[in-house]
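Here are the chains, one letter per residue:
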Amino acid sequence: EIKPVEYLVPGVISRGSVTMWAGAPGVAKTYLSLAMAIAVASGGEFLGRRCRQCKTLVVDYENPAHEVRSRIDLLTKEVLVPDLHIWGIFQEQQPPRIGSPTLLSIAHDEQPLIIFDPFRNTHGCDENSSSEMAGVLEQLVYMKSRGAAVIFLHHIAKSEGSVSRGSSAIDGAVDVSLLQTMDPESGLIELKTTKNRFGEPYKICIRPDFTEGTFEITDSPEFTKRTAESEKLLQIIIQNQGLSQNALWKQSKMMKARCVSLLKQGNGTLWREEKQGSSLRYFPLVLKTQNNSENNRTGQGVGSCSTVLSLKGENREQLPLDPAGCSENRSGKANCASRIQEVI
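Definitions and limits used
- Residues numbered from 1 in each chain as written.
- Predicted model: local features only at pLDDT ≥ 70, side-chain atom pairs only at ≥ 80, totals over all residues.
- Heavy atoms only, no water.
- Pairing = 2+ DSSP bridges.
- Helix = DSSP H or I, 4+ residues; strand = E, 2+ residues; numbered from the N terminus.
- Buried < 20%, exposed > 50% of the residue type's maximum accessible area, 1.4 Å probe, protein only.
- Right-handed = clockwise from strand over helix to strand, strands pointing away.
- Phe/Tyr/Trp six-rings, centres within 6.5 Å; stacked < 30°, edge-to-face > 60°.
- Lys NZ or Arg CZ within 6 Å of the ring centre and 35° of its normal.
- Axes fitted to C-alpha atoms, helices over the stretch in contact; angles between N-to-C directions.
- Salt bridge = Lys/Arg side-chain N within 4 Å of Asp/Glu carboxyl O.

Let us now look at the sheet that holds strand E14 (residues 243-244). The antiparallel open sheet is built from three strands, whose spatial order is E14-E16-E15. Either end of the sheet is taken by a strand with one partner, and the two such strands are E14 and strand E15 (271-276). Bridge analysis of E15 against strand E16 (residues 279-284) gives six bridges, and the strand direction is antiparallel. The residue bridging arginine 272 from the neighbouring strand is phenylalanine 283, located in E16.

Written out as structure tokens, the structure is:
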């Protein structure tokens, strides 16, 4: 049985996909992608879209610890997000490059959202070589085939109209390509898809407030229409639990393709989809809270084998990493450290 697409950010980011998030230097790609990481890790909202909660790993090859912490504290209002994990250059065990067995193991065991920032530091290859880039992107495809959602932040070329830097093999290999720009006068951010294999075109205008750590959506016809249509479907599902896809479509009075697309995007975030016989039926979603015992653990890694930056200053615990998939009762910290050196 082939499973349907499972969106983490409805209509944009899904499990089993590779996304390139490109933009010029200084347009706040790292900041906005971190806001997405927090939303997915907590099951919160990102730019008006309810995210499916899952473990999230940000592999940061560039930013110092104090900058990462200040941004996280601002974006989370210093509230603990147990399923958000940071692996940065400021830690004793350096983040591995793309192709590491450790990353493949994490992708397989946890099926997380993994964000690489920036792409140029994840490999030692020539970005203008199609053959070398094909090899790098192949490793990301291996990770997505294990159930991870992979995003890498990339720069665009200086030429006008560029959507990425380097070989065209990079854009050709990804499932979703996001382009972020910032107007130098108004400071408004535009985020749009230039490629989306699994969903509809996406374009949104954002007003950032870097002092408060907020990203406000400016009014746009596309966003307003999508929000209203999703709310309409949700109300139908609440009032008529268990309706089939066809019955929902008829009640909504939308174009069928549009209705089906919205139902796929909202599955797991606004409602839940169940297959009964040959038909799909829809039910209201009961969202998990962040107050249960499972989510109240601090300083945890991705599974039991990841180095993390804890999100509370008083508990910055670092866990050992075993590239072969260590368990808590297998080997000690020294043994794990020696094994990671073999991989790196």
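On to the pairing of strand E9 (residues 149-155), then. Of all seven residues in E9, seven are buried, a share of seventy percent or more. Taking every second residue as pointing to the same face, both faces of E9 are buried, with Ala149, Ile151, Leu153 and His155 on one and Val150, Phe152 and His154 on the other. Here strand E3 (residues 17-23) runs beside E9; their pairing, made up of seven bridges, is parallel. Bridge assignment links glycine 23 to a residue of E9, and that residue is histidine 155. This β-α-β element, strand E8 (residues 113-117) to helix H4 (residues 130-145) to E9, shows right-handed connectivity.

Attention shifts here to the packing of aromatic side chains. Counted according to the given criterion, the structure contains four aromatic pairs. Centroid distance tyrosine 31 to phenylalanine 215: 6.1 Å. Interplanar angle 70°. Geometry classified as edge-to-face. One end of the pair, tyrosine 31, is in helix H1 (residues 29-42); the other, phenylalanine 215, is in strand E13 (residues 214-217), and 184 residues separate them in sequence. Given a relative accessible area of 11%, tyrosine 31 falls into the buried group. With 4.4 Å between their ring centres and 35° between their planes, phenylalanine 119 and phenylalanine 152 make a pair best called tilted. Remark: phenylalanine 152 occurs in strand E9 and phenylalanine 119 occurs in the loop between E8 and H4; sequence separation between them is 33 residues. Here the two residues phenylalanine 119 and phenylalanine 152 agree in accessibility, since each one is buried. One aromatic cluster is present, formed by Tyr31, Phe210 and Phe215 through successive ring pairs. Taking the ring centre of tryptophan 249 as reference, the NZ or CZ of lysine 256 above it sits at 5.0 Å.

Read from one edge of the open sheet, nine strands run E7-E6-E8-E9-E3-E10-E11-E12-E13, paired in mixed fashion. A single partner strand is all that each edge strand has here, and the edge strands are strand E7 (84-88) and E13. Across the sheet, the axes of successive neighbouring strands diverge by a mean angle of 25°, strand direction being ignored.

Moving on, we come to the pattern of salt bridges. Counted by the stated rule, this structure contains 13 salt bridges. In this structure, glutamate 62 and arginine 120 form a salt bridge, with 2.6 Å as the shortest nitrogen-oxygen distance. With glutamate 62 in the loop between strand E6 (56-60) and helix H2 (65-76) and arginine 120 in the loop between E8 and H4, this residue pair connects regions lying 58 residues apart in the sequence. Arginine 197 is paired through a salt bridge with aspartate 175; the nearest N and O atoms lie 2.9 Å apart. One end of the pair, arginine 197, is in the loop between strand E11 (189-196) and strand E12 (203-209); the other, aspartate 175, is in the loop between helix H5 (168-173) and strand E10 (176-182), and 22 residues separate them in sequence. When its relative accessible area of 45% is taken as the criterion, arginine 197 is described as partly exposed. Residues joined by salt bridges that share partners form a network here, namely Glu6, Arg15 and Arg52.

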